[in-house]
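Now for the letters of each chain:
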Amino acid sequence: MSAGPPDVPALQVSDVRLRFGGVVALDGPSFTIEPGQIVGLIGPNGAGKTTLFNCISRLYQPDSGQITFGSTDLLALSADAVADAGIARTFQNIGLFPTLSVLDNILTGAYSRTRAGFLATALGLPRTRREEADEQQEAWALLESMNLEHVGRELAGNLPYGTLKRVELARALMQRPRLLMLDEPANGLIHEEVLELADTVRRLRDERGFSVLLVEHHMAMVMSISDRVVVLNFGQKVTEGEPAEVAAHPEVIEAYLGGAA
Ligand SMILES: Nc1ncnc2c1ncn2[C@@H]1O[C@H](COP(=O)(O)OP(=O)(O)O)[C@@H](O)[C@H]1O
Ligand SMILES: [Mg+2]
C-alpha cells in the first residue's frame, strides 16, 4: 500500500427514511461499509439508490435515521463539510465544467481539502505558488495513472462521454477521499471501458485504501469488484452479502436475470 488516506472509518447507514410527497424513496435501509471495502449498491430504477447517495453526501436531509462516518454524525454536517470529512462522489449525470480544461476540472477536486477553497479559485483569487505547484503535480500524476494525460489540456466539453467519466473519477480522487461514492460510473461506457474502469477502481482502492460505495447497473462490474453487495427495492434493503450470495438470491435473480432479460 502506498500513501493512502489516513484512518479510513466505517460508514454506517441506519434506518434511513425519506419521502417525497407520497413517494417513499427510502424506507429504512441499514448497512455498513467497513474500512477499505468496496460495497455495491444495486436495485431497479427508482429503488432509492441515488436518494441514499444524496443523503450521505448531504444534498438531501432524511426524515429520520442515522448516517455516521466513524464517530462523525454526517447528518449534522453540510455538503461542504462532508467533502472535508473525506467523502468524494461522482454524479449519475456527469458534473464537470465543460468550459474548463480537464486539468482545471481535476484541480477543482483539490479545493475541498485546501484552505483557499473552491470559490476563491473559481473566482481566480491567488493561491500560494507552492500550493498550486503541488496540486498541479498531483493532478498530472493522477491523469497519468488513469491514462488521461493526453487530454489534460483539452476542454472537458470537447471530450467523449467515456473519457469524461474517467475525468470525473480523477477529480473525485483529487479530494484524497476516505470514502469514494460512484453513481453509475459504467453508464454509457462500452464493454472494454467498463472492464478497464472496474480494474482502475479496484487498483486505486488497493493502492490508496479508501472505501467505495458503488451504485451500478452493470452486474458484471458490481459482482467482480465488490466485497459486499446491498440490494435495494422500493427503498428497502432486500438482501446483502458477498457477491455470490447476493447473485443467488431469488429476488435478485428475478429482477436481473428473469423477465425480459
Ligand atoms: N428530488 C426528488 N423529488 C421527488 N421525488 C424524487 C426525488 N428524488 C428521487 N425521487 C423519487 O424517489 C424514488 C427513488 O429515486 P432514486 O433514488 O433516483 O432511484 P434510483 O437511483 O435507485 O433509480 C423514485 O420514485 C424517484 O422518483
Ligand atoms: Mg439513480
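Residues numbered from 1 in each chain as written. Chains lettered and ligands numbered in written order. Predicted model: local features only at pLDDT ≥ 70, side-chain atom pairs only at ≥ 80, totals over all residues. Heavy atoms only, no water.

Within an unreviewed UniProt entry, the label attached to the chain reads ABC transporter ATP-binding protein, and the organism entered is Rhodococcus wratislaviensis.

**Some words on a nonpolar patch on the surface**
Convention followed: Each patch is built from residues lacking any salt bridge and having more than 30% relative accessible area; the joining distance is 9 Å for like charges and 5 Å for nonpolar side chains (Val, Leu, Ile, Met, Phe, Trp, Tyr). Note that accessible areas follow from Shrake-Rupley with a 1.4 Å probe, and for residues the cover is restricted to the protein chains shown. When a carboxyl oxygen of Asp or Glu is within 4 Å of a side-chain nitrogen of Lys or Arg, the pair counts as a salt bridge. Going along the chain from the N terminus, every DSSP run of H or I of four or more residues is numbered as a helix, and every run of E of two or more is numbered as a strand.
Taken together, the side chains of F20, V23, L59 and Y60 make up a nonpolar region of the molecular surface, amounting to roughly 360 Å² of accessible area. Tracing the backbone through its elements, the reader meets Y60 in the loop between α1 (49-56) and β5 (64-69).

**Let's talk about the side chain of K49**
In plain terms, the rule: Buried means the residue's accessible area, taken with a 1.4 Å probe over protein chains only, is under 20% of the maximum for its type, while exposed means over 50%, and partly exposed covers the values in between. His is not counted, nor are the chain ends; Lys and Arg add positive charge and Asp and Glu add negative charge. Contacts: residue pairs with any heavy atoms within 4.5 Å of one another.
Note on placement: K49 falls in helix α1. In this structure K49 is buried but unpaired, with E184 as the nearest side chain of opposite charge at 4.9 Å. With residues up to four places along the chain from it excluded, the contact list for K49 reads L41, I42, G43, P44, E184, V215, H217 and L232.

**Points about the site of ligand 1**
The following threshold applies: The near set for a molecule or strand comprises every residue that places at least one heavy atom within 4 Å of it. Residues adjacent in sequence count toward polar contacts only when both atoms are side-chain atoms; beyond that, a polar contact is any pair of N or O atoms within 3.5 Å, and within protein one must be able to donate a hydrogen and the other to accept it. Each residue is assigned to one class: nonpolar for Ala, Val, Leu, Ile, Met, Phe, Trp, Tyr, Cys and Pro, charged for Asp, Glu, Lys and Arg, and polar for all the others, Gly among them.
Around ligand 1, the structure places F20, V23, A25, P44, N45, G46, A47, G48, K49, T50, T51 and Y60. A distance of 2.8 Å separates an oxygen atom of ligand 1 from a polar atom in the backbone of G46. Between an oxygen atom of ligand 1 and a side-chain N or O atom of T51, the distance comes to 2.5 Å. Surface burial for ligand 1 is 64%, taken as the share of its 560 Å² of free accessible area covered by protein chains. Only β2 (23-27) and α1 provide two or more residues apiece to the shell around ligand 1. Residue classes in the shell around ligand 1 are distributed as 6 nonpolar, 5 polar and 1 charged.

**Here we look at the sheet that holds strand β7 (residues 87-89)**
The condition is simple: DSSP bridges decide pairing: two strands pair if at least two such bridges lie between them. Note on method: axes are straight lines fitted to C-alpha atoms, helices fitted across the in-contact stretch only, with angles between N-to-C directions ranging 0 to 180 degrees.
Reading across the sheet, the 6 strands line up as β7-β8-β9-β4-β10-β11 and stay open at both edges, with mixed pairing between neighbours. Lying at the two open borders of the sheet, with one neighbouring strand each, are β7 and β11 (236-241). Strand-to-strand twist in this sheet, taken as the mean axis angle between neighbours without regard to direction, amounts to 15°. As judged from the 5 bridges shared by strand β8 (residues 179-183) and strand β9 (residues 211-215), these two strands associate in the parallel manner. Paired with D183 across the bridge in β9 is V215. Strands β7 and β8 of the sheet are contacted by helix α6 (residues 161-174), whose axis makes an angle of about 160° with β8.

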